[in-house]
Amino acid sequence: MAEKLKGTFDVHKAASLMNELRSSFNTGRTRSYEWRVAQLQSIAKLVDEREKEILHALYTDLSKPECEAFVSEISMTKASCKLALKELKRWMKPEKAKTSMATFPSSAEIVSEPFGVVLIISTWNYPLLLSLDPVIGAIAAGNVVVLKPSEISPATSSLLAKLLEEYVDNSAIRVVEGAVAETSALLEQKWDKIFYIGSTRVGRIVMAAAAKQLTPVILELGGKCPAVVDPNVNLQVAARRIIAGKWACNNGQACIAPDYVITTKAFAQKLIDAMKNELEVFFGNDPMESKDLSRIVNSNHFARLKKMLDEEEVSSKIVHGGQWDEKRLKIAPTILLDVPEETILMKEEIFGPLLPIHTVDKLKESFDVIKSKSKPLAAYLFTNRKEVKKAFVENISAGGILINDTVLHLTVPTLPFGGVGDSGMGSYHGKFSFDAFSHKKAVLYRSFAGDATARYPPYTPKKLRLLKALINGGIFGIILALLGRTKN
Amino acid sequence: MESPKSLEKDLKELRESFRCGKTKEAAWRMRQLKGLSTLLKEKEEGIFDALRRDMGKHKAEAYRDEIGTLIKSINYALANLKGWMSAKKAPLPLGAFPTTAEVVSEPLGVVLIISTWNFPIGLSLEPLIGALAAGNTVVIKPSELTPTCSSLLANTIPIYLDNSAVKIIEGDASVGEQLLRHKWDKILFTGSARVGRMVMLAAAEHLTPVTLELGGKCPAVVDCIPNSRDRTMAMKRIVVGKYGTCAGQACIAIDYILVEKKNAAALVEALTFRIKSMFGDNPRASNSLARIVNRHHFLRLKNLLVDPKVQACVVYGGSMDENTLFVEPTILLDPPHDADIMTEEIFGPLLPIITLNSIEESIEFINLKPKAPAAYIFTKNESLMKRMISETSSGSLAINDCITQFAADTLPFGGVGESGFGRYHGKFSFHTFSHEKGILRRSFLTEFWFRFPPWNNNKLLLLRAAYIFDYIAIVLIVLGLKKS
C-alpha cells in the first residue's frame, strides 16, 4: 500500500510501517528462493506490461524522448531483472573458503544472508531505473524493502507506488511517497541498510542519520565527471560519444554525464567544430524544438542552471548555444570555452546541458585539473595513445573510468558501479547489487577430531614453542617443537 | 600527546607521501609488511612484556592471539599481494567485442585506524597490514587504556616502517575527537557501539567510508554431545573461549551459554572441572588468566553481580580482588533475563548459563537479542546446525569451536546490525582499504550507430534487438526487411 498524502506520513507512521515490515521479515518468507524469484518475475512483468504508462510518466516528469527512456530506463531495468533471475541460485549459494593450518581441521564457507529491512531512497533523473534497480538487488538478497521515490518526478513516483502495489508482495515491499518531511520520518527509523542516490549534500545528512542507528549505507552521489580529449583522436566519433553521454542522457542531468571537457589549446576549436556539426545532426538546427532532448526537470533546476550562465565572466565564454526558454524549461545544448575556475559553473556539478571546455597547454596538465577537484563518479578519456591510457587509469581516482566513450560502463553488470570520496561509497549492479544487500556471514565448521592442546591454559614455555610452530612454523617447525626443540 | 599543530603537520606529511605515489608500488608495500614482520620478531620480548603489564597476558596467550596471528596475516598478505593488486578482468557478452572491462584496486588515501585495549597490538596492526597492502598511508590511534602497548607501538613503528607514511598518534578520547574532525579517506574503528556512533557521525561530515567492528553478546548453544572425548574437547574450547581469551574481554568471546535444562548440571560440572584444570585450584595464582583492564571495568563487572537475585545464581567462582584487578572464572545458572548481566555485553569472566526446555528454543532466544559479532553452537545434530546457520544472524558463526574463526585468512571478519558493518582479515582487509575502480575500454572502430539521436522507430527497433542481442533482427532491420 502506498503511503501517499503529504504531511500525514510522520514518525509514528514510519515506526509502525517499520514494525510491520520487521514482522514480515521475521517470518522468514523473503529468504526463500521461490519468493525472491516470484517478486523479480513480477517486476519484469510490470515493466513489460505497463511500458506505455511508464514511458508516459517519464515524458510527463522529464520530457524524456521515448527512445532514450526505453534504452536507459526500461531496457536496463528488464536486463537487471533478467540477470538476477538467471543468476540468483548461484548468488545464493554459500561460497566455500579454503582453510589453513591455523584452524586445522576445519572447513569453512561464506553464507549470504539478507540484512533485513532496507530503505532505498531514489532520485528523479532516471526515476524508474534508479528506483527499481536497487529494489531488484534488495529483493534478490532476500530483504524487505521500503522505496522512497523522488518527489521531483511525481508522475513516476505515483506510478511506481501504484504498480508495485499491484504486482509485488505488499507485505514485504512498500513505497512511501513524499518529500523532505517523509524522508526525515523514514530516516529516524532503524534500518538494516540504507541505499541512497542523490546529491553529496543530502548524502551527508543520510549518513549522519544512519550513524545514530549504526546502519550501513551505500551512497551513490555526484561530482564533476571530466572528459579528457587527446588531440588526434577520431574527432567525429569522439564528438558523437561526448554528445551522447551529455545531451542524449537526460539532457546532461545524469550523474555520469561528462560535466566538463579538457583538451589542448591547439585542439579545442577542432573539437568545438566537430561537436557543433554532430549536435546539428543529433538535434537539428533548432535544438529548442528538438523532440529528442529532455527538458530541465523543474523551475528550481532551471533557475540554478540559468544562474550559472548569468554569472559574470561566463556568458562571454559561450561558443555554441546558450538559448533558453523559462516557460518550457528548455536550455539549448551549450558549449563554453575556458570559463574561469572560480565560477559556480566550474566549481559545482552542472547537471544540465552546459558543457564547459577547459584548455591546457599539454594534455598531462589535465590530470592536475581533475585532481584539484573532488573525486568524480566517472572519468572519461579519449585517446589512441597507450601510455596516456595507462597513466590515466593509474593516476585518476574516480568511481569508474571509461576509455574512448562515455556513460556505457553503467550498462556492464560485471563492473561495480559506485563512487569514491565525495562521489560516494559502496557499489551495485549485477552481483554487486546482491552483495550490497547481503551480510556475508563467515561459517567455520570445526571437527572434534584434532586439537592443539598448546592453545589451552595452563600456559607453559613448551606450549609457547608449539604455538609458534603451529601458527607459523610449518610442518618442519611443528615436528621440531614436538621434539622439544625450536628453529631459533 | 599531539598538539593540534603537530597533528596538522603529520597529516600534511601523510597526504604528501600518498600524493607522491610511492605507496602505490608493490615494492614499497612489501617493504612495509616485511618491516612489520621484523618488528614483531625483534621486539617480541618487548611486546610480551607490554601485554603482560597492560593486560596480565601470558606469553602463550599473547603469541596465540596477537603476535602469532599477526605474523600469519603478514605472511598471507606477502604471498597474495601481487594477486590482490592485479586487475581483474570483468566478463562481457560476446557482442561487446572488442570492448574490454576490468576492475582495478586503488588505495583510498590516508586512513585512520582506531584501535582498542583488549588486543592492543593485534587490533592496531592487523588493520595496518590491510591498509599497507592496499597502498594507503596510515594513522593508528591505539587505546590509552593499554599505555605500555601504546608507547611500544609509538616507539617501534617509526623504526621499522616508513615514518612519512605510517604514524602512531597516542592519546585519549580528546585526541580521538581531534583526529575525527579531519577528513580521512577511510576509518576502521574497533570498540563500543557508543563510540562507533560518534565515529560514523564524524565521518558523515566528510563522507568518509567506515568499517565498524563493534561488540555484542555472543551466544554459545551447547547441545548434548554423546561421545565423551568430543564432550571433553567441547568443554576445553568453551572454557578457553570464555576465560582463556583475555579473561572474556573479547568481542568474540562467549558471552552466555544456552543449554537444555536436563543437561545443565552436567555442563556446570564439566566446565568447573575444566576451569580447575586450566587455571588451577587457586586461579588468583594462575599465570594463565589475563586481568581486567582497569578499575572502571572491574567495577562494571562487580556491579553485574551486585543484585542479590543475580548473586544467588552464582554456582562457581565469584571472587574478585580490586587491588589486582582479578575476577575469578565465574559461572551463573539462570540469572534473571532482565538483569544487566543478560542485557549488556559482559566482556569479562562471568558466564551465565540459560536453561531451556528444548535446545531448539535457543534460536528464538538468540533472535530476541541484537545481532552479535559471533555465534557458536556445539552439537552433532546436523539439522540444528543448519537451523542455527540459516535462522540466526551474526558477524560470523563457528560450529563446535569458538574464537578460531578469527585466525582464518579466508573468512571475512566483521559484525552485522549492532555489532557493526564492514569486514577485514586476509583479502578482505585489502579490499576494505581499496577502491574497486571499474574500467571499460572501447575502440573507435565499432559503433552502434543507432544509439545516437535523432530518434526514430527504426532506431528504437534496433535498440530493442541489440538489448537482447538478437543479431538476426538487427541485420533484418538494417536491411529494411523487418518492420514494427
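Attention in this report is confined to the structure presented alongside it. The model shown is predicted, which means the values in this text are computed figures rather than measured ones.

Rules of the game
- Residues numbered from 1 in each chain as written.
- Chains lettered and ligands numbered in written order.
- Predicted model: local features only at pLDDT ≥ 70, side-chain atom pairs only at ≥ 80, totals over all residues.
- Heavy atoms only, no water.
- Helix = DSSP H or I, 4+ residues; strand = E, 2+ residues; numbered from the N terminus.
- Contact = heavy atoms within 4.5 Å.
- Areas by Shrake-Rupley, 256 points an atom, 1.4 Å probe, with all protein chains shown as cover.
- Lys, Arg positive; Asp, Glu negative; His and termini not counted.
- Charge placed at Lys NZ, Arg CZ, Asp CG, Glu CD.
- Pairing = 2+ DSSP bridges.
- Axes fitted to C-alpha atoms, helices over the stretch in contact; angles between N-to-C directions.
- Parallel < 35°, antiparallel > 145°, perpendicular 65-115°, else oblique.
- Nonpolar A, V, L, I, M, F, W, Y, C, P; charged D, E, K, R; others polar.
- Left-handed = near helix turned anticlockwise from the far one by under 90°.
- Expected span 1.5 Å × (residues − 1).
- Buried < 20%, exposed > 50% of the residue type's maximum accessible area, 1.4 Å probe, protein only.

What to know about the overall build of chain A
At step 1: Scanning chain A from N- to C-terminus turns up 16 helices and 18 strands.
At step 2: Its C-alpha atoms give chain A principal-axis dimensions of roughly 85 × 55 × 40 Å.
At step 3: Considering only contacts within chain A whose residues lie at least 6 apart along the sequence, 71% involve residues at least 24 apart.
At step 4: With an accessible surface of roughly 18,200 Å², chain A has 55% of that area assigned to carbon and sulfur atoms.
At step 5: Counting 64 positive and 54 negative side-chain charges, chain A places the averaged centre of each group 10 Å from the other.

Looking at the sheet that holds strand E6 (residues 193-197) of chain A
All names here are of chain A.
At step 1: Taken in spatial order, the 6 strands make up an open sheet running E5-E4-E3-E6-E7-E17, and their pairing is mixed. Edge positions in the sheet fall to strand E5 (173-175) and strand E17 (424-425), since each of these pairs with one other strand and no more.
At step 2: By the bridge criterion, 3 bridges tie strand E4 (residues 144-148) to E5 in an arrangement that is parallel. The partner of Val145 across the bridge, within E5, is Ile173.

Digging into the packing of helix H2 (residues 26-42) of chain B against helix H4 (residues 59-85) of chain B
Residue and element names in this part refer to chain B.
At step 1: Two numbers describe how H2 lies on H4: the axes approach to 10 Å, and their chain directions differ by 170°. Relative to H4, H2 is oriented roughly antiparallel. From H2, Ala26, Arg29, Met30, Leu33, Lys34, Leu36, Ser37 and Leu40 reach across to H4, where they touch Ile67, Leu70, Ile71, Ile74, Ala77, Leu78, Leu81, Lys82 and Met85.
At step 2: Residues belonging to the contact of H2 with H4 are distributed by class as follows: 13 nonpolar, 1 polar and 3 charged.

Some points on the sheet that holds strand E3 (residues 110-114) of chain B
Residues and elements named next belong to chain B.
At step 1: A sheet is described by the order of its strands in space; here 6 strands give the open sequence E5-E4-E3-E6-E7-E17, paired in mixed fashion. Both edges of this open sheet fall to strand E5 (166-168) and strand E17 (420-421), since each of them pairs with a single strand only.
At step 2: In the packing of helix H1 (residues 4-19) onto the sheet, contacts are made with E3, strand E4 (137-141) and E5, and the angle to E4 comes to roughly 150°.

Looking at the packing of helix H9 (residues 235-246) of chain A against helix H10 (residues 265-283) of chain A
Residues and elements named next belong to chain A.
At step 1: At a minimum axis distance of 9 Å, the contact between H9 and H10 shows a crossing angle of 60°. Classed by the angle they form, the pair H9 and H10 counts as oblique. Crossing hand, H9 versus H10: right-handed. Together, Leu235, Gln236, Ala239, Arg240, Ile242, Ile243 and Ala244 of H9 and Phe267, Lys270, Leu271, Ala274, Met275, Glu278, Leu279, Phe282 and Phe283 of H10 make up the contact between the two elements.
At step 2: Considered class by class, the residues forming the contact of H9 with H10 number 12 nonpolar, 1 polar and 3 charged.

Quick word on helix H5 (residues 122-133) of chain B
Residues and elements named next belong to chain B.
At step 1: Compared with the 16 Å implied by 1.5 Å per residue over 12 residues, the 16 Å span of H5 between its first and last C-alpha is a close match.
At step 2: When you tally the buried positions in H5, you get 12 out of 12 residues, the bulk of the element.
At step 3: Within H5, burial applies to Gly122, Leu123, Ser124, Leu125, Glu126, Pro127, Leu128, Ile129, Gly130, Ala131, Leu132 and Ala133.
At step 4: Once H5 ends, the next one or two residues include Gly135, with phi positive near 90°.

Keep in mind that these numbers describe shape and distance, not what the molecule does.
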